[in-house]
Amino acid sequence: MFMLAMRSIRHRPGRFLATLLCAFLGAAIIMTFNSMHDTAAQDGVDSTSADTLSTAAGVVGGYGTLLVFFAVASALTVNVRQRSAELALLRCSGATPAQLKRMVVGEAVVVGLVGAALAIGPAMLGGRALLEVFQDSGQVAGSVDHSFGPIALMTGIDITLLASAGAAFLAVRRATRGHEKRGGARRFLAYAALLAGAVSVSSTFVFSATDAALMAPPAYGAILLSVGFALMAPRLLEGVLDRLRLSGASGWLAVRNLRERAGQLAGILMSLILFTAVATATLTMQAVESDAVEASGLTKSVDAKNLETLNFTVVGIIVVFVCVMLVNSLYAATSYRGREFGQQRLAGATPGQVLGAVGTETAILTVTGVLFGVLAALAGIVPFTVVLSEAVLPGEVYGIGTAVVASAAAVTLGTSLVTARRVLRTPAVGAVAVAS
């Protein structure tokens, strides 16, 4: 089956570009930040510089690991769904589910290894640039030289390969299990994340305004709540659709299509929720704290500067990954609907109505993701603001929230509509015939 995996990659390499891009970006980020461990372990590095470098590598490395898994899993899930007919044909030809799993996992491991290898050079440059950022802000001594060693190399390769293999196994396992009832583990994890998030947010009131760790409980709480909402994405979407009352052909088509594809669109909704919650909560709380320090006339400590750098870095990483995941998922989900669009047009729908339905679908997805993302973010922002300034809702949240929502809408609507317009250029009869 490994030879079959290699043959599949050579025969149609284009289908693996999204997975390769996610693996490349993930490995580059992991190796970039874990090179800070190699740098901190050098002889002659002072303790303050070493602590700063190790903290950055530990925190962002942990986030990077999760993001690599989610990004690769999203790309591979779309890849496996697009190949459902091919996998079914292999089953009919005598391939067992175990053989199909080995083939898909083998493909993912090869693609992940290539992505990790391509990421080594950019990671070296990124590590040097990151070290200069810490040195320019006075958090690391200027005499410290960058080192790209075994920690960065091994963690980047190992994590990327494990994430690729694990994500591929889960994706093909879902595909080969057919329509068996499932979801118990997902619901358990969702409720556990929501409960842990609520506990973390509530613990904010135990701290005082002068505690250095004040931002940690509400920030982690908002992230956990967003993860819980993200895991419940299909159910949340169905709940929103039950309450929608849209008129017109485009509205009716949009609701009908979303109901039929709620499970397939879960990855897009998950990305929107996580992006909105993490970006809004982290940036708002950091802005509130920075404004409070500036108003008091005090100077930020090294720990405060470290936390600020980490917050902006984590948000930047999340923005890059989520944008890649959204564009990949939306492009794939829309471009492979050629037959569906053709059938709708043959049934009497105009290209404008089909395009309107796609726009309405995307708008509903965006609103749903932004709504629950904002709820998770506010759950952390409000307690933090109350403890820090005794206000309820900070003024900074409006500008930051608007920017985050606008970014999410631009990516989702832009990708979906541009892709749908390209697909609609194919004549309806031709689209149905080719897809058949």
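No experiment lies behind these values; they were computed from the predicted model shown.

Once that is clear, we can look at the overall build of the protein. Along its length, the protein carries 16 helices and zero strands. What you see for the protein is a C-alpha radius of gyration of 23 Å, in line with the 22 Å of a compact globule of 436 residues. Dimensions of the protein, computed from C-alpha atoms along their principal axes, come out at roughly 70 × 50 × 40 Å. Burial analysis of the protein (436 residues in total) assigns 48% to the buried set.

Moving on: the side chain of Thr 419. Residue placement: Thr 419 occurs in helix H15 (residues 396–423). Non-local contacts of Thr 419, meaning those with residues more than four positions away in its chain, are made with Tyr 331, Thr 334 and Ser 335.

It is possible for side chains of opposite charge to pair when their charged atoms get near one another. Inspection of the entire model under this criterion finds one salt bridge. Residues Arg 259 and Asp 242 are paired through a salt bridge, measuring 3.0 Å at the closest nitrogen-oxygen approach. Of this pair, Arg 259 sits in helix H10 (residues 248–260) while Asp 242 is found in helix H9 (residues 233–242), placing the two residues 17 residues apart along the sequence. When its relative accessible area of 42% is taken as the criterion, Arg 259 is described as partly exposed. Under the relative-accessibility criterion, Asp 242 is labelled partly exposed at 41%.

Let us now look at the environment of Tyr 398. Structurally, the position occupied by Tyr 398 is in helix H15. With relative accessibility at 53%, the residue Tyr 398 sits in the exposed group.

Another point: the packing of helix H11 (residues 266–296) against H15. Closest axis-to-axis distance for the H11/H15 pair is 9 Å, and the angle between their directions is 155 degrees. As far as their axial angle goes, H15 and H11 are roughly antiparallel. Crossing of H11 over H15 shows right-handed handedness. On the side of H11, the interface is formed by Leu 272, Phe 275, Thr 276, Ala 279, Thr 280, Leu 283, Thr 284, Ala 287, Val 288 and Asp 291, while H15 contributes Glu 396, Val 397, Ile 400, Gly 401, Val 404, Ser 407, Ala 408 and Thr 412. Taken together, the residues that form the contact of H11 with H15 break down as ten nonpolar, six polar and two charged.

So, on to the UniProt feature "domain: ABC3 transporter permease C-terminal" (unreviewed entry) in the protein. Mapped onto this structure's residue numbering, the UniProt feature "domain: ABC3 transporter permease C-terminal" (unreviewed entry) falls at residues 64–173 and 314–427. With 86% helix and 0% strand, residues 314–427 has end C-alpha atoms that lie 45 Å from one another.

Look at helix H8 (residues 216–231) against helix H14 (residues 351–389): their axes get within 8 Å of each other, and the N-to-C directions meet at 160 degrees. One finds that H8 runs roughly antiparallel with respect to H14. Considering the relative orientation of H8 and H14, their crossing is right-handed. Here Pro 218, Ala 222, Leu 225, Ser 226 and Phe 229 of H8 come into contact with H14, specifically with Phe 372, Leu 375, Ala 376, Ala 377, Ala 379, Gly 380 and Phe 384.

Attention shifts here to H15. Here H15 is 28 residues long and its end C-alpha atoms lie 41 Å apart, about the 40 Å a rise of 1.5 Å per residue gives. Listed as buried for H15 are Val 397, Ile 400, Gly 401, Val 404, Ala 408, Val 411, Thr 412, Thr 415, Ser 416, Thr 419, Ala 420 and Val 423.

All right, on to the nonpolar core then. Ranked by internal contacts, the top residues of the largest apolar core, which has 43 residues, are Phe 229, Leu 237, Ile 268, Leu 326 and Leu 365. At the level of secondary structure, the elements contributing two or more residues to this core comprise helix H7 (184–202), H8, H9, H10, H11, helix H12 (302–335), H14 and H15. Ranked by the residues each element gives to this core, the list is headed by H11, at eleven residues. Apart from the residues lying within four places of it in its own chain, the contact partners of Ile 268 are Leu 326, Ser 329, Leu 330 and Leu 365. Ranked by size, the runner-up nonpolar core spans 41 residues in total, among them Ala 50, Ala 75, Leu 76 and Ala 108.

When you line up the elements, Glu 361 lands in helix H14. Relative accessible area serves as the criterion here: at 4%, Glu 361 is assigned to the buried category. If sequence neighbours within four positions are ignored, Glu 361 has contacts with Leu 253, Ala 254, Asn 257, Leu 258, Arg 261 and Arg 337.

Among the surface-exposed residues, Val 392, Leu 393 and Tyr 398 lie close enough to one another that they form a single nonpolar patch of about 310 Å² accessible area. Residue class for Val 392 comes out exposed when judged on its relative accessible area of 54%.

Now for H9. For H9, the full list of buried residues reads Ala 233, Pro 234, Leu 236, Leu 237 and Leu 241. Viewed along the axis of H9, the buried residues span an arc of 165 degrees, placing them on a single side of the element.

This next bit is on the environment of Phe 372. Here Phe 372 lies in helix H14. By relative accessible area, which is 14% here, Phe 372 ends up buried. When the C-alpha atoms of Phe 372 and Leu 274 are compared, they prove to be 9.2 Å apart, with 98 residues separating the residues in sequence. Among residues more than four places away in sequence, those in contact with Phe 372 are Phe 229, Leu 236, Val 240 and Ile 273.

Criteria and cut-off values
Residues numbered from 1 in each chain as written. Predicted model: local features only at pLDDT ≥ 70, side-chain atom pairs only at ≥ 80, totals over all residues. Heavy atoms only, no water. Helix = DSSP H or I, 4+ residues; strand = E, 2+ residues; numbered from the N terminus. Rg over C-alpha atoms; globule rule 2.2 N^0.38 Å. Buried < 20%, exposed > 50% of the residue type's maximum accessible area, 1.4 Å probe, protein only. Contact = heavy atoms within 4.5 Å. Salt bridge = Lys/Arg side-chain N within 4 Å of Asp/Glu carboxyl O. Axes fitted to C-alpha atoms, helices over the stretch in contact; angles between N-to-C directions. Parallel < 35°, antiparallel > 145°, perpendicular 65-115°, else oblique. Left-handed = near helix turned anticlockwise from the far one by under 90°. Nonpolar A, V, L, I, M, F, W, Y, C, P; charged D, E, K, R; others polar. UniProt positions renumbered as here; feature names shortened; annotations may be inferred. Expected span 1.5 Å × (residues − 1). Core = buried A, V, L, I, M, F, W, Y, C linked by side-chain atoms within 4.5 Å. Patch = residues over 30% accessible without salt bridge, like charges linked within 9 Å, V, L, I, M, F, W, Y side chains within 5 Å. Areas by Shrake-Rupley, 256 points an atom, 1.4 Å probe, with all protein chains shown as cover. Arc of directions from axis to C-beta.

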